[in-house]
Amino acid sequence: MLSDLQTQKLTRYFQVYDIDDDGRIDSADFDRIVHNVMILHWADEGTALTDALRAAYARFWDGLRKAADGDGDGGVSLDEWLAYWQLTLEDDRRYEEEVHHLTGRLFRVFDLDEDDTIGAAEFMDFFGVFGLPVDLAESVFVELDANGDGVISREELLAVAREFYRSDDPEAPGNLLFGPVGI
């Protein structure tokens, strides 16, 4: 069973994807994410980058829909999302795959300078693409940068993601991955 803190964090994560704030995640939310990333990358429709991005998010959405859309209505409600995560967190293999997929997606999309790290400006882009308060991004970034070197490495991001999903410590920095709970 999800703890209260996990439920709060996963609800926040749901809100990140529910860009149109209609209480469900569907393909239109992913289309908006792709559009926002295209703006970030100054990419035109029909380029290799946008085609690859659209295909990646379509695969992600299709997998999520198949796994979580319990009532078959073509969208994922908060209850379905939480049930999906309950099952994912109970299955270590599935959980690790999800954490690695999340980390890979973040790096593919937001490591604009392709240095295999996420810097403060790239993290601000992440917040902006998902409609999170960009003014909070810098302070959250500082909390997530475990070694204080000014960048978040893949290893740091994996640790942050693991804290986000698994930690019940209300002070764990990973809780902030998708912004503070309750914003």
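Everything here concerns the structure above.
No experiment lies behind these values; they were computed from the predicted model shown.

Draft legend 1. Region of the structure containing the overall build of the protein. The number of helices and strands found in the protein is eight helices and four strands. For the protein, the α and β elements follow one another from N to C terminus as α-β-α-α-β-α-α-β-α-α-β-α. Here the C-alpha atoms of the protein give a radius of gyration of 16 Å, agreeing with the 16 Å that 2.2 N^0.38 yields for 183 residues. The principal-axis extents of the C-alpha atoms in the protein amount to approximately 45 × 40 × 30 Å. Burial statistics for the protein: of 183 residues in total, 46% are counted as buried. Contacts spanning at least 24 positions in sequence make up 57% of the contacts within the protein whose residues lie at least 6 apart. Put simply, the protein shows about 9100 Å² of open surface, and 53% of that area lies on carbon and sulfur atoms. For the protein, the separation between the mean place of its 15 positive charges and that of its 41 negative charges on side chains is 7 Å.

Draft legend 2. Seen up close, helix 3 (residues 48–68). Between its first and last C-alpha atoms helix 3 spans 30 Å; for 21 residues at 1.5 Å apiece the expected length is 30 Å, and the two agree. Listing the buried residues of helix 3 in full gives Thr50, Leu53, Tyr57, Phe60, Trp61, Leu64 and Ala68. Each buried residue of helix 3 sits inside an arc of 100° when the element is viewed along its axis, so together they form one side. Set apart from the buried face of helix 3 by more than 90 degrees, the exposed residues are Ala48, Arg59 and Lys66. The secondary structure elements touched by the buried residues of helix 3 are helix 1 (4–17), strand 1 (24–25), helix 2 (27–41), strand 2 (76–77), helix 4 (78–90) and helix 5 (92–110).

Draft legend 3. Seen up close, the packing of aromatic side chains. Scanning the model with the defined rule gives 29 aromatic pairs in all. Ring centres 5.4 Å apart and planes at 50° place the aromatic pair Tyr13 and Tyr17 in the tilted group. Note that Tyr13 and Tyr17 are positioned in helix 1 at a spacing of four residues, about one turn of the helix. Assigned by exposure class, Tyr13 and Tyr17 land together as buried. The ring centre of Phe164 lies 5.8 Å from the NZ or CZ of Lys9, which sits over that ring. We note Arg154 situated over the ring of Phe107; from NZ or CZ to the ring centre the distance is 4.3 Å.

Draft legend 4. Examining unusual backbone geometry more closely. Its identity as a non-glycine residue notwithstanding, Asp21 has a phi of 55°, on the positive side. Looking at where Asp21 falls in the secondary structure, it is placed in the loop between helix 1 and strand 1. Despite not being glycine, Asp116 shows a phi value in the positive range, around 65°. With respect to the element layout, Asp116 can be found in the loop between helix 5 and strand 3 (117–119).

Here is what the cut-offs are and how they apply
Residues numbered from 1 in each chain as written. Predicted model: local features only at pLDDT ≥ 70, side-chain atom pairs only at ≥ 80, totals over all residues. Heavy atoms only, no water. Helix = DSSP H or I, 4+ residues; strand = E, 2+ residues; numbered from the N terminus. Rg over C-alpha atoms; globule rule 2.2 N^0.38 Å. Buried < 20%, exposed > 50% of the residue type's maximum accessible area, 1.4 Å probe, protein only. Contact = heavy atoms within 4.5 Å. Areas by Shrake-Rupley, 256 points an atom, 1.4 Å probe, with all protein chains shown as cover. Lys, Arg positive; Asp, Glu negative; His and termini not counted. Charge placed at Lys NZ, Arg CZ, Asp CG, Glu CD. Expected span 1.5 Å × (residues − 1). Arc of directions from axis to C-beta. Phe/Tyr/Trp six-rings, centres within 6.5 Å; stacked < 30°, edge-to-face > 60°. Lys NZ or Arg CZ within 6 Å of the ring centre and 35° of its normal.

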